Structure formats: C-alpha cells, structure tokens
Amino acid sequence: MSDRTKDRLMYALKSRGPNTAATLAKHLGVTAVAIRQHLDALLEAELVEFEDLKGTVGRPRRTWRISELGNKRFPDNHGAVLVDLLGNIKELYGEEGLQSLIDARADQSRKSYLAAMQSAKTLSEKLHRLAEQRTEEGYMAEVLKDGEDCFLFAENHCSICSAARSCQQFCKSELDLFQEVLGDDVCVERVEHILKGDRRCLYKVAPASSV
C-alpha cells in the first residue's frame, strides 16, 4: 500500500470514526486483506488501535480507530506556539485583552462565513458553505442529515485543539459564531465535544420552530 493510500486510510478513520477492516476496504476500494495488513503495520507504529466487540452470534467484530499518537499526525496549527502566545497575552493584558483577541478572531471569521453564504438560500446550502470554509481551516467539516428538517454539522478534527484546551473561550466563541451566521431562525446545539473526550465536535442544527 502506498503512502498515499495509508494517508487515505488514516483520514478515513479520522473522519468516519471506528470501522471494521471490511468497511474501510469497501470505502477505499482495496481488498480487505490489504487493509488488514496495513492496519497491522499502523498498529505496530501505534498510530491506530482496535477493540473487539462481541455480538450475539459468531466471532467478535474488530473495529479500528485512530490512536492518541495517530491524532497527533493531523495538524494543530502550531498548537504549542499558540498556547505560549495566549499565555503571554493574558499575562500582559489580562482576561479583557485575551477576550478582545478572541472577539477579533470571531469577527474576521464572521465576515468570511457570511460572504461565503451570501447566495445560499436554504439551511442546507448555508451549512455546506460553512463546512467548506471550516474544512479549508483544517476542521474536516461535513454536513449530515438528521431527520426531515434537521442537520448535524460535524467537525472531525480541531485545528486549534491545544489552544482550545488552554483557553476554552474559543469553543464558546465558535458556538456563538455558528449561531450568529446561521441566523435566529435556527437553533445550534453542541452535542459532542472533543475537549470532553468525544471523537469529534458535533452540532445539531434545527429550525427554531421545531425545538
């Protein structure tokens, strides 16, 4: 398996979550035997891990997922530098100065997202434009249906995770930002959160009238 296919395998596990070798093989268009061989190689490198799930009949089903070390292979936008900068800003300018920085970042993102959504007419179109913008920023975002009128907005990677752990105002700012750019006629709720140990950040987006 080429390095490119290995990268695709890691990306699939990162974006799709725990999966069996057979499902991964079908998704990537290669044989299950080849996938198992290279999952074993990634396991030896400690980039993936597995869990055997017992079913009602037959052998346990082995599911694979990205390990903590494997997650570090995905970019965190200079996390250590950001954490140091945030600490310096807080020390020099206090909480108010730090909040001003976060607000300025949110304002810049707001303008970018609203510009991208300018011609979008439906909630689905808005979410897909937002997903494109966030993916360009490294968040591996995607939009999933959740019933007739509701959606799930998933971010499979946090490109500022180290900074967010150090300063959780970033997470609150982003939730508020999503609510603002999507409009008052929808409700945005975070239902999964990487900082709480979940695999991804997941937002439920629904018309306000249905909540």
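Residues numbered from 1 in each chain as written. Predicted model: local features only at pLDDT ≥ 70, side-chain atom pairs only at ≥ 80, totals over all residues. Heavy atoms only, no water.

**Some points on the pattern of salt bridges**
- Tallied over the full model, the rule gives 14 salt bridges.
- A salt bridge links Asp52 to Arg62, with the nearest nitrogen and oxygen atoms 2.8 Å apart. In this pair, Asp52 is assigned in strand β1 (residues 48-53) and Arg62 in strand β2 (residues 61-66), connecting sequence segments 10 residues apart.
- The exposure class of Asp52 is partly exposed, given its relative accessible area of 37%.
- Taking the relative accessible area as the measure of exposure, Arg62 reaches 37% and is therefore partly exposed.
- A salt bridge links Glu174 to Arg134; its shortest N-O distance comes to 3.1 Å. With Glu174 in helix α8 (residues 169-182) and Arg134 in helix α6 (residues 123-136), the pair connects residues that are 40 residues apart, well separated along the chain.
- Since its relative accessible area comes to 7%, Glu174 is described here as buried.
- Residue classification places Arg134 among the buried positions, given a relative accessible area of 1%. (Salt bridge = Lys/Arg side-chain N within 4 Å of Asp/Glu carboxyl O. Helix = DSSP H or I, 4+ residues; strand = E, 2+ residues; numbered from the N terminus. Buried < 20%, exposed > 50% of the residue type's maximum accessible area, 1.4 Å probe, protein only.)

**Description of unusual backbone geometry**
- Positive phi outside glycine occurs at Glu46, with the angle close to 65°.
- Looking at the secondary structure, you find Glu46 in the loop between α3 (32-44) and β1.
- The phi dihedral of Met140 falls on the positive side, at around 50°, and the residue is not glycine.
- Following the sequence through the fold, Met140 ends up in the loop between α6 and β3 (141-145).
- Since its relative accessible area comes to 9%, Met140 is described here as buried.

**Concerning the nonpolar core**
- Counting residues in hydrophobic clusters, the biggest one holds 33 residues, and the most contacted among them are Leu123, Leu127, Phe153, Phe170, Leu182, Val188 and Val205.
- Contributions of two or more residues to this core are made by α5 (79-116), α6, β3, β4 (151-155), α7 (161-166), α8, β5 (186-192) and β6 (201-207).
- By residue number, the principal contributor to this core is α8, which donates six residues.
- In terms of nonpolar packing, the next biggest core, distinct from the first, is built from 17 residues, Met10, Leu24, Leu47 and Val48 among them. (Core = buried A, V, L, I, M, F, W, Y, C linked by side-chain atoms within 4.5 Å.)

**Details of empty space enclosed by the protein**
- Applying the stated rule across the entire model yields one cavity of 30 Å³ or more.
- The wall of the largest cavity is formed by 15 residues, among which Cys158, Cys171, Glu174, His193 and Cys201 lie closest to the centre.
- For the lining of the largest cavity, the secondary structure elements donating two or more residues are α8 and β6.
- Per-element accounting of the lining of the largest cavity gives the leading share, three residues, to α8.
- Tallied by class, residues from the lining of the largest cavity come to 10 nonpolar, two polar and three charged. (1 Å grid on protein atoms, 1.4 Å probe; cavity = no way out; pocket = protein on both sides within 12 Å on 5 of 7 lines; lining within 4 Å. Points joined across faces, edges and corners; volume = space filled by probe spheres on them. Nonpolar A, V, L, I, M, F, W, Y, C, P; charged D, E, K, R; others polar.)

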